[in-house]
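Summary of the model geometry
Residue-level listing of the chains:
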Amino acid sequence: MSEPAIRLTGLRKSFGAVHAVDGVDLEIADGEFFSMLGPSGSGKTTVLRLIAGFESPTAGTIELAGADVTRRPPYERDVTTVFQDYALFPHMSVLDNVAYGPRVRGVGRRERRERAEEALRSVRLDGYGARRPAQLSGGQRQRVALARALVNRPRVLLLDEPLGALDLKLREEMQVELKALQRQVGITFVFVTHDQQEALTMSDRVAVFAAGRIEQVAAPAELYERPASPFVAGFVGTSNLFAGDEVLGRPGSFALRPEKIHLDGNGDCAAPGTVAEVVYAGAFTRLVVDLDAGPRLVVLQTSAPGLDALRDRPVRLTWNSSDLIALDKE
Ligand code: ATP
């Protein structure tokens, strides 16, 4: 039986009256790409810092590969952290930046140079070793920061919003690269982000945080298709949330994804309403529809001529009852 890479048990961290982490139990498997997703202030960064050993918990334990490291300092934990601001040394070359960790650990000149070059190759920056960080683009600097972490060959890489400073296009490219890199090196990645799309794109599993607790842990598709709570349904993707007795004539709270609703299609549920807004967004157009029964629903349509003319017009919305997500806990 192999131990999980990380096991958190009853983890709590308070800063005075603020319960930043309020009882977290979690196991992350060896080699997993695991994301911690949640709004600002939900405690994800604090959990990461607890794993790294930069904070010590108010209660609970942290195990790495089965060993209890709760009371051990950061340098006695086999984890490396990549920060959002990269923390590169501006006066050193890229190669020296990457070779810094092995140098501090007393690895000989020749070997650390070889290791640094190998790490730079793995992030596709071979040939950039002689440059200074200032002579690189944002995405390249991010890759140097990754190489600098990988060169230590940790068992676990902790990444705190590492793509946060990049523009959207570069960010999307780096998401694909990071995932490929993780597969290639086989290291456990724990990735903190507040961007749900990013978490869904890259992760094997995602933990959704709210107010210092985990709301749900699941694979991306399950999180999207079977959110366990109204919070998860609203935070992961866009959801229409409504009370069943208003719209469906039965009790309970429900979520319905905008792409599952059609204009006068042939689903087994239907509701009349009036289009309040038509918002063009490139490939898709969002219609905001006020149902006669009360709730306001967002409907996603493939953009097409004529949609704009629907503003203020009555429409009939349809969907399949199998697409409804029931949110009430048993
Ligand atoms: P973000 O996405 O903004 O980084 P987060 O989910 O990572 O948010 P944390 O940084 O873990 O959230 O913070 C959780 C809570 O703990 C917040 O209310 C924060 O203000 C508080 N907190 C974090 N660190 C400290 C500290 N050193 N002293 C006091 N309060 C802190």
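Look above for the structure.
Okay, so let's go over this structure. (Residues numbered from 1 in each chain as written. Predicted model: local features only at pLDDT ≥ 70, side-chain atom pairs only at ≥ 80, totals over all residues. Heavy atoms only, no water.)

Attention now goes to helix H3 (residues 109-122). In this model H3 runs 20 Å from its N-terminal to its C-terminal C-alpha over 14 residues, within 8% of the 20 Å that 1.5 Å per residue would give. Those residues of H3 lying buried are Arg 112, Arg 115, Ala 116, Ala 119 and Leu 120. Looking down the long axis of H3, one finds its buried residues gathered within 135 degrees of arc, a one-sided arrangement. Two residues or fewer after H3 comes Arg 124, characterised by a positive phi angle close to 60 degrees. (Helix = DSSP H or I, 4+ residues; strand = E, 2+ residues; numbered from the N terminus. Expected span 1.5 Å × (residues − 1). Buried < 20%, exposed > 50% of the residue type's maximum accessible area, 1.4 Å probe, protein only. Arc of directions from axis to C-beta.)

In this structure the tally under the stated criterion is five aromatic pairs. A centroid spacing of 5.8 Å and a plane angle of 45 degrees characterise the contact between Phe 33 and Phe 191, whose relative ring orientation is tilted. Linking Phe 33 in strand S3 (residues 33-37) with Phe 191 in strand S8 (residues 188-193), this pair joins segments that are 158 residues apart in sequence. You'll find Phe 33 and Phe 191 in the same group, each marked buried. Both rings, one in Phe 242 and one in Phe 254, keep their centres 6.4 Å apart while their planes meet at 25 degrees; by these two values the pair is stacked. In this pair, Phe 242 is assigned in strand S11 (residues 240-243) and Phe 254 in strand S12 (residues 253-256), connecting sequence segments 12 residues apart. (Phe/Tyr/Trp six-rings, centres within 6.5 Å; stacked < 30°, edge-to-face > 60°.)

All residues in the neighbourhood of the ligand are listed as Phe 15, Val 18, Ala 20, Pro 39, Ser 40, Gly 41, Ser 42, Gly 43, Lys 44, Thr 45, Thr 46 and Glu 161. One of the side-chain nitrogen or oxygen atoms of Ser 40 is found 2.6 Å away from an oxygen atom of the ligand. Notes on the ligand: free accessible area 630 Å², of which the protein chains cover 59%. The biggest single contributor to the shell around the ligand is helix H1 (residues 44-52), with three residues. (Near = heavy atom within 4 Å. Polar contact = N/O pair within 3.5 Å; in protein donor to acceptor, adjacent residues only side chain to side chain. Areas by Shrake-Rupley, 256 points an atom, 1.4 Å probe, with all protein chains shown as cover.)

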